[in-house]
Amino acid sequence: MYKFELVKAIPKLVDYLKNSDTQIVQSASQTLHQFSKREAAKSQLVTQRNVIPTLIIVLQQTNDPDTARAVTGTLHNVSQSDPGRKIIYQSSGIPALVKVLQCSVDAVVFYAITTIHNLLLHIKESKQNLRQTNATHLMVDLLQKKGNVKFLAICTDCLHLLSYQHNETKMQMFQANAAHHLINIMNQNTYEKLLWTTSRVLKVLSVCNQNKRAIVEAGGVLALGLHLQNGSSRLLSNCLWTLRNLSDCATHVGGLGPLLQALLQRLSSTDHQNIVIACGTLANLSCNNVQNKVDIVRHGGIENLLRVIQQVGDRPEIVEPAICALKHITSRHPEAERAQSMVREAMNGTGLQHLHRLLQPGNAKTTVRKGVLLVLKNLAQEAGCRRALGQADIVGELTSMAMQSGQTLQQDQNNRESLSILDSIMGIFVGLIREPQMKMQIKSPTNIAFFLQIFHHPALQLPVGALLGHLCVTETDVLAEIERNNVREQVERTFQHSESRRAELERRNRQQVPPPQMGGTAQQPGHPVPGGYPAMTPVSQGHPGMGHMPPNGAMGHGHPGFDPAMVPPQGHPGHSNHPAFHQMPPGHFDPNQVFPPQHHNPTMTPPMTPEGQMVHSGFHPGQAHTVHGPPQGHHIPPQQPPQVQAPPHAPMSNWFESI
């Protein structure tokens, strides 16, 4: 009987909705709202297909808040079923719902945003329909409603659904200053669902260059760091991913001591994905930032990173960023020598052994081995590390590795991998020759002949010239061999250039002594970071391939949101983006000589510094990385710090005279 009465009553109510009397329209809409709360009546509202279209017309035309409240309430109830959502969408309900988002009555806005949310979740086409309206800006404005956390959770989830893999929406959010409002939510709320939905939006925005910078400038790094101890695994995961994506733009941010400590704690997680993200973030935040390097060392970063390397075996997606972070924190800061000795003493004196293991053929990918060489280049500056490396016969292994790379270069003079390996080995040898026993091994006649051959390669002149110059200062036999090959002037000029540059770096490091307290002073983007080096935008950071790609499994290729278009980043020493390989002259090798002699120009190919800084831009799984600017998985050639260059015709001196 009840159903029969509804069938008769609803058409009459629809007729009343078309009346010119606003009171009659209001009463009819309120009655339909009451009906829509009952399941039987709700199905009738959908079945009689003229009901919903008429309600939407009323919503578009009315200025009465009570009528708007009743109509949006009815649409909200109807949108909870699939037939109801379809008829709302087909009746052009989206423009009417977007219009009332500006209503001053909270209930109307709540009903409207909830209905929009239901449409976004279940009707794919509704996203594009909403993007064609002013919905994005209006939703961003609604983020300022601080009283209703459930409303904010729905609103932020709508923004996530609209911005996911859609660059135009991200730019609209940037223009609406969404980053500021989202960070305020992260700072001011404890409701887990709201924090989670907000962190999802931030994760999506963090792969857009403009939004990334806006998030960092709004204090996003510290705001996200507040939630790294949260018990919600889904919130923690989003915060970690977002921090990872922001970290290449956040090298200038100060006061990160507590955040760095929290990231180091994540290294003991049983979730390997969290370890990958934490290592990558630490590697980026320690790029060219003296205070962050010191904080990581003081918080036990050396021990934690080495333990990760020991425990994960040969998993490059974890080992590579861990090695990169180690490379940064063992060079170019006031406590670098202490950090180098801590590597030797870590894990009951086995720290160096775990690094040495990765150099063995077959124990790690080539990219990992190249990273280890860069760490050893730093460690060779500390006396205790040099002695420990000597006991492990490191010279023999490095010589063998260098010879193999030289053979590869004989076939392909532009082989970036071999050039990177040789550059690093020459730097290690410069440190090791301070120990007499290792110096004798390094300056063997076979080695000197090999060094003189590769010295003629333009990309290796500076590192090889620095090594030969150091040997010539005290070793008369090496000096005699240099003179026999008629390259004394070239070697001396290269050595002078190298020494001037080294002295300049040491001077800068002495001037940038961080205060003893954790953290630092925040600086504006683009200003020099602690240590005197410019803050770097998404550029490369001396870590050969970060292992950014999530592994197969959770959050990896098997994850439904993962985008296979994302590729591992490049841009490390040995990659075409690295400046050391932009000026390779064409030519081929004489079969009787590894490298043809060429005129030496010490400024031709800038050397890889002790910290060939490479910041890796970020991404999150499921989010396409091709956004505004360069692809998010690749690197821009790094900006090199100012170099002290030798005069083009520096006068000859007794620089190499034996002592």
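Note that this is a predicted model, so its numbers are computed, not measured.

### Side note on the overall build of the protein
Right, so step 1: When helices and strands are counted, the protein shows 33 helices and 2 strands.
Right, so step 2: Counting every position in the protein, which comprises 659 residues, the buried fraction comes to 59%.
Right, so step 3: The long-range fraction of contacts in the protein, counting pairs at least 24 apart against all pairs at least 6 apart in sequence, stands at 77%.
Right, so step 4: Counting every atom, the protein has about 25700 Å² of accessible surface; 50% of that belongs to carbon and sulfur.

### Points about the nonpolar core
Right, so step 1: Core analysis: the biggest nonpolar cluster contains 169 residues, and Met139, Leu355, Phe429, Leu432 and Phe451 have the highest contact counts within it.
Right, so step 2: Apart from the residues within four sequence positions on either side, Leu355 is in contact with Leu306, Ile309, Ile323, Leu326, Val343, Val372, Val375 and Leu379.

### Let's talk about unusual backbone geometry
Right, so step 1: The phi angle at Arg332 is positive, at roughly 60 degrees, despite the residue not being glycine.
Right, so step 2: Its location among the elements puts Arg332 in the loop between helix 22 (316–329) and helix 23 (336–349).
Right, so step 3: According to the relative accessible area criterion, Arg332 is buried, its value standing at 8%.
Right, so step 4: Positive phi values are uncommon outside glycine, yet Asn486 reaches one of about 60 degrees.
Right, so step 5: Here Asn486 shows up in the loop between helix 32 (476–484) and helix 33 (488–511).
Right, so step 6: For Asn486, a relative accessible area of 66% gives the class exposed.

### Some words on the environment of Gln102
Right, so step 1: Looking at the element boundaries, Gln102 is found in the loop between helix 7 (93–99) and helix 8 (106–122).
Right, so step 2: With 39 residues separating them in the primary sequence, Gln102 and Asp141 have C-alpha atoms 9.4 Å apart.

### Some remarks on the packing of aromatic side chains
Right, so step 1: The tally for this structure, following the rule as stated, stands at 3 aromatic pairs.
Right, so step 2: Ring geometry for Phe450 against Phe451: centres 6.2 Å apart, planes inclined by 55 degrees, an arrangement best described as tilted.
Right, so step 3: The buried category is assigned to Phe450, whose relative accessible area is 7%.
Right, so step 4: The class of Phe451 is buried, set by a relative accessible area of 2%.
Right, so step 5: Linked through ring pairs, Phe429, Phe450 and Phe451 together constitute an aromatic cluster.
Right, so step 6: The positively charged end of Arg234 is found above the aromatic ring belonging to Trp196, 3.8 Å away from the centroid.

### A short note on the confidence of the model for the protein
Right, so step 1: A residue-level look at the protein finds 76% of positions with pLDDT of 70 or above and a mean pLDDT of 81.
Right, so step 2: Between residues 517–614, whose pLDDT stays under 50, and residues either more than four places distant or in other chains, the model counts 305 contacts.
Right, so step 3: Confidence drops under pLDDT 50 across residues 619–659; counting only partners more than four residues distant or on other chains, this segment forms 139 contacts.

### What to know about the UniProt feature "repeat: ARM" (unreviewed entry) in the protein
Right, so step 1: Per the UniProt record, the feature "repeat: ARM" (unreviewed entry) sits at residues 8–50, 50–93, 177–220 and 300–337.
Right, so step 2: Between the end C-alpha atoms of residues 300–337 the distance is 15 Å, and the span holds 74% helix and 0% strand.

### Here we look at the side chain of Ser418
Right, so step 1: Examined against the element boundaries, Ser418 turns out to sit in helix 28 (residues 416–432).
Right, so step 2: Among residues more than four places away in sequence, those in contact with Ser418 are Ser405, Thr408 and Leu409.

### Quick notes on the packing of helix 28 against helix 30 (residues 445–455)
Right, so step 1: Across the interface, helix 28 lies against helix 30 with an axial gap of 13 Å and an inter-helix angle of 130 degrees. Classified by the interaxial angle, the pair formed by helix 28 and helix 30 is oblique. The two elements helix 28 and helix 30 meet at a crossing, and its hand is left-handed. Every residue of helix 30 that contacts helix 28 at Leu422, Met426 and Phe429 is listed here: Phe450, Phe451 and Ile454.
Right, so step 2: The residue makeup of the contact of helix 28 with helix 30, split by class, is 6 nonpolar, no polar and no charged.

### Focus: helix 6 (residues 82–90)
Right, so step 1: Within the span of helix 6, buried status applies to Gly84, Arg85, Ile87 and Ile88.
Right, so step 2: Those residues of helix 6 that are buried are in contact with helix 3 (39–47), helix 4 (51–61), helix 5 (65–78), helix 7 and helix 8.
Right, so step 3: Ser92 sits one or two residues past helix 6 and shows a positive phi near 60 degrees.

### Notes on the packing of helix 4 against helix 5
Right, so step 1: Two elements in contact, helix 4 and helix 5, have axes whose closest approach is 10 Å; the angle formed by their N-to-C orientations is 145 degrees. Note on packing geometry: the crossing formed by helix 4 with helix 5 is left-handed. Counting all contacts with helix 4, which are made through Ile52, Leu55, Ile56, Val58 and Leu59, the residues of helix 5 involved are Thr67, Ala68, Val71, Thr72, Thr74, Leu75 and Val78.
Right, so step 2: In terms of residue class, the contact of helix 4 with helix 5 is built from 9 nonpolar, 3 polar and no charged.

### Comments concerning the pattern of salt bridges
Right, so step 1: Tallied over the entire structure, the rule returns 25 salt bridges.
Right, so step 2: Among the ionic pairs, Arg315 bridges to Glu317, the shortest N-O distance being 2.7 Å.
Right, so step 3: Given a relative accessible area of 26%, Arg315 falls into the partly exposed group.
Right, so step 4: The closest approach of N and O atoms between Glu435 and Arg386, which form a salt bridge, is 3.2 Å. Highlighted residues: Glu435 in the loop between helix 28 and helix 29 (436–442) and Arg386 in helix 26 (residues 383–391), separated in sequence by 49 residues.
Right, so step 5: Within this structure, Lys439, Lys443, Glu475 and Asp477 form a network of salt bridges that share partners.

Thresholds, definitions, all that
- Note on numbering: residues in each chain are counted from 1, in written sequence order.
- Under the rules for a predicted model, residues below a pLDDT of 70 receive no local features and side-chain atom pairs below 80 are neither given nor counted, while totals for whole chains, interfaces and linings still include all residues.
- Hydrogens are left out, water is left out, and the side-chain values use all remaining heavy atoms of the structure.
- Helix and strand assignments come from DSSP, with helices taken as H or I runs of at least 4 residues and strands as E runs of at least 2, each series counted from the N terminus.
- Only protein chains enter the accessibility calculation, which uses a 1.4 Å probe; a residue whose area is less than 20% of its type maximum is buried, one above 50% is exposed, and one in between is partly exposed.
- Any two residues whose heavy atoms approach within 4.5 Å at even a single point are treated as in contact.
- Areas reported here follow the Shrake-Rupley algorithm with a probe of radius 1.4 Å; residue values treat only the protein chains shown as occluding.
- Among the buried residues, those of types Ala, Val, Leu, Ile, Met, Phe, Trp, Tyr and Cys that are joined through side-chain atoms within 4.5 Å form a nonpolar core.
- Any two of the Phe, Tyr and Trp rings considered here, Trp counted by its six-membered ring, make a pair once their centres fall within 6.5 Å; the pair's planes then place it as stacked at under 30 degrees, edge-to-face at over 60, or tilted in between.
- Counted as over-ring charges are cases with an Arg CZ or a Lys NZ within 6 Å of the ring centre that also lie within 35 degrees of the ring normal.
- Per-residue confidence from the prediction method is given by pLDDT, with values spanning 0 to 100.
- UniProt positions are given in the numbering used here, feature names are shortened, and annotations may be inferred rather than shown by experiment.
- Fitting a line to C-alpha atoms yields each axis, with helices limited to the stretch in contact; the angle taken between N-to-C directions then spans 0 to 180 degrees.
- Roughly parallel refers to an angle under 35 degrees, roughly antiparallel to one over 145, roughly perpendicular to one between 65 and 115, and oblique to any angle outside these ranges.
- Crossings are sorted by hand: turned counterclockwise from the far helix by less than a right angle, the near helix makes the crossing left-handed, and turned clockwise it makes it right-handed.
- In the scheme used here, Gly and all other residues not listed as nonpolar or charged are polar, with Ala, Val, Leu, Ile, Met, Phe, Trp, Tyr, Cys and Pro taken as nonpolar and Asp, Glu, Lys and Arg as charged.
- Any Lys or Arg side-chain nitrogen found within 4 Å of a carboxyl oxygen on Asp or Glu counts as a salt bridge.

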